[in-house]
Amino acid sequence: MERASTLSLHENLLLVGTDDGFLQLYERKPGQDQLAYTSCVRQTALLSRYVTDIAFNPLKRRQFALVGHDKQLHIMELQPEQRGWIKLLTLVASDAKASIASVKWSNLQAHLLLSFHIEGKVCLWNIQEPEQPPLTITYHCPMWCGMFLPSDESIIMCCGKAVSLEQVSIKEALSKGDKNISSKCDALLNVKWASKSPNQPIAGALSAAQKKRQRRDKRKAVAPLAEPKHPEQEPPIEQMLDALQLDTATTKQKTTGVECSKCKELKPDNFLGHSRSCLCLTQKELNKHALEKLAIVLTEDAAKIDKDVLMSKLFSTKVMAKDLIATELTNLKHSNNKDIAPLCLSVATFKVHDELKQHIENKTLNEWHVSLAPTVSYVFWQKCCKAYASQMEEQGFILHAATYLSAIDMQTEAIDLLLKHEYFREALANARIHLPATDPMIKIIINKWLEQLEKTGNFAAAALICVLDNEMLRGLTYLRKFRNCTPEIADLMEQIKRIGQLGSLFDDGCLDRAENGSAGKEFDKE
């Protein structure tokens, strides 16, 4: 038993209403001490939404009423011998968006039935005259349940969301033939809008002079708190010149194009800025301290030159050049440089592995780093791709992450990632290409996709996916969830029934209601 929304027991038979509008019949297994029922003996689709109540007639034991999140009330007769039922008649509420919470039969007259509606109505139906409109009691809130007063059935007791318990006499309305009764209503319900003064909750309205005096007093109280504004003083020109540096990073270039701020926020920070030089310390020696360094070189003291003049290492051996690059690389890392310079120096000294390993640990990889990983090894490139995919997922760039997982042949992990973040179309496309046709992951993707479409109310798309997946019954179930059955929907349902051979399973009369609705619109136009 799955998706049950309401239950009703009749002798050894169990009637179950489901949350997708089905009525199911279960039979109790004989000869067992504990309650145990067989599998579903029969089921019929009666409503477009969930079933809320199944009520048997106390005077006609086999007659029962079924209602739900729909405007229809089905009067049925149970047939235990055939283990089934027949439909006697269908009552339809006048409100197009009606939804019935519960029903209650009369204990004295078998043809009278009460229905309690979420849209704020209580209706008294006479099933002997189904063409007549019901006696309707209107409320301002949803009504949940009620019953006839046992001592006098001309009085109805009911309760709702904002009505704890109310008794309504219908004797006068029945004698006059009225079809509408207005409930006792609070006078405040007729108020369209209201406001409460935060300053004068009790006293009367102020005169114009009093209001003017209040405003003047308020201005006097605020004036001393205001501080005088002084014009901003610019720094002296000497300080501005001293602040200028020749080895600063490149200035921001003004672009003429207008870029979307949201798109800019969604771009991953994977671009390494351009740099005029990788050897910043050496450049500083040339631009600021060239005369001092020249004086040291002219001393011809080799030890002092190697210690104080970095430029000298460029004109020495291979070992000294490597020592220079190591010094420059240490300086760049301490300055938190984010341009291409550190990576360029690492490539020059064959230390790409150490550089990229550090970025993997710090989760600061970018596409430039991944592109250079094959210079180490193929296995290390796979490790970098996997780390970069994890980093992109944490930052919210799911398609970036899935792309790099697919590049290293981790198709299953890429599909799981796309499915986890509700990229259903992309996940299904990858699953169709890389997985066998019988792989259960394909069905899992489709089922989760359908659940998401059902939550968002896109029943048409869900029905299309079910039909494409050759699940006609499920597709028909989604079409039945439309509140208003238009002729177009009714025609599509009939075609699905014909192709899937489902004609005997559904008898909700959607086609008849659609034809009646279209005929009524044409009559109104005439």
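Attention in this report is confined to the structure presented alongside it. Note that this is a predicted model, so its numbers are computed, not measured.

As for the pairing of strand 8 (residues 84-92)
Here is step 1: As defined by bridge partners, strand 7 (residues 72-79) adjoins strand 8 across 8 bridges and the pair is classed as antiparallel. Bridged to L73 within strand 8 is L91.
Here is step 2: Counting the residues that bridge the hairpin from strand 7 to strand 8 gives 4 residues, and of these R83 lies at a positive phi of roughly 50 degrees.

Remarks on the sheet that holds strand 15 (residues 166-169)
Here is step 1: Read across the open sheet, the 3 strands follow the order 13-14-15; overall the sheet is antiparallel. The open sheet has two edge strands, strand 13 (143-149) and strand 15, and neither has a second partner. With direction set aside, neighbouring strand axes in the sheet form an average angle of 30 degrees.
Here is step 2: Where strand 14 (residues 152-160) and strand 15 come together, 4 bridges link them in antiparallel fashion. Counterpart to M157 in the pairing with strand 15 is Q167.

Comments concerning a positive patch on the surface
Here is step 1: A surface patch of positive charge is lined by K211, K212, R213, R215, R216, R219 and K220.
Here is step 2: Inspection of the secondary structure assignment puts R216 in helix 2 (residues 208-222).
Here is step 3: We classify R216 as partly exposed; its relative accessible area is 34%.

A word on the side chain of Q391
Here is step 1: Tracing the backbone shows Q391 in helix 12 (residues 378-395).
Here is step 2: A polar contact is formed between the side chain of Q391 and the backbone oxygen of L365, at a distance of 2.8 Å.
Here is step 3: If we ignore the near neighbours within four places in the chain, the residues touching Q391 are K363, T364 and L365.

Quick notes on the packing of aromatic side chains
Here is step 1: This structure, assessed with the given rule, holds 5 aromatic pairs.
Here is step 2: Ring centres of Y378 and W381 lie 5.7 Å apart, and the angle between their planes is 35 degrees; this geometry places the pair in the tilted category. Separated by 3 residues within a single helix, Y378 and W381 lie in helix 12, roughly one turn from each other.
Here is step 3: Using a relative accessible area of 53% as the deciding quantity, one classes Y378 as exposed.
Here is step 4: You can call W381 buried: its relative accessible area is 19%.
Here is step 5: Centre to centre, the rings of F459 and F482 are 5.9 Å apart; their planes meet at 80 degrees, and the pair counts as edge-to-face. One end of the pair, F459, is in helix 17 (residues 459-468); the other, F482, is in the loop between helix 18 (472-479) and helix 19 (487-500), and 23 residues separate them in sequence.
Here is step 6: Over the ring of F22 we find R480; its NZ or CZ atom is 5.8 Å from the centre of that ring.

Reading the values: the criteria
- Residues numbered from 1 in each chain as written.
- Predicted model: local features only at pLDDT ≥ 70, side-chain atom pairs only at ≥ 80, totals over all residues.
- Heavy atoms only, no water.
- Pairing = 2+ DSSP bridges.
- Helix = DSSP H or I, 4+ residues; strand = E, 2+ residues; numbered from the N terminus.
- Axes fitted to C-alpha atoms, helices over the stretch in contact; angles between N-to-C directions.
- Patch = residues over 30% accessible without salt bridge, like charges linked within 9 Å, V, L, I, M, F, W, Y side chains within 5 Å.
- Areas by Shrake-Rupley, 256 points an atom, 1.4 Å probe, with all protein chains shown as cover.
- Salt bridge = Lys/Arg side-chain N within 4 Å of Asp/Glu carboxyl O.
- Lys, Arg positive; Asp, Glu negative; His and termini not counted.
- Charge placed at Lys NZ, Arg CZ, Asp CG, Glu CD.
- Buried < 20%, exposed > 50% of the residue type's maximum accessible area, 1.4 Å probe, protein only.
- Polar contact = N/O pair within 3.5 Å; in protein donor to acceptor, adjacent residues only side chain to side chain.
- Contact = heavy atoms within 4.5 Å.
- Phe/Tyr/Trp six-rings, centres within 6.5 Å; stacked < 30°, edge-to-face > 60°.
- Lys NZ or Arg CZ within 6 Å of the ring centre and 35° of its normal.

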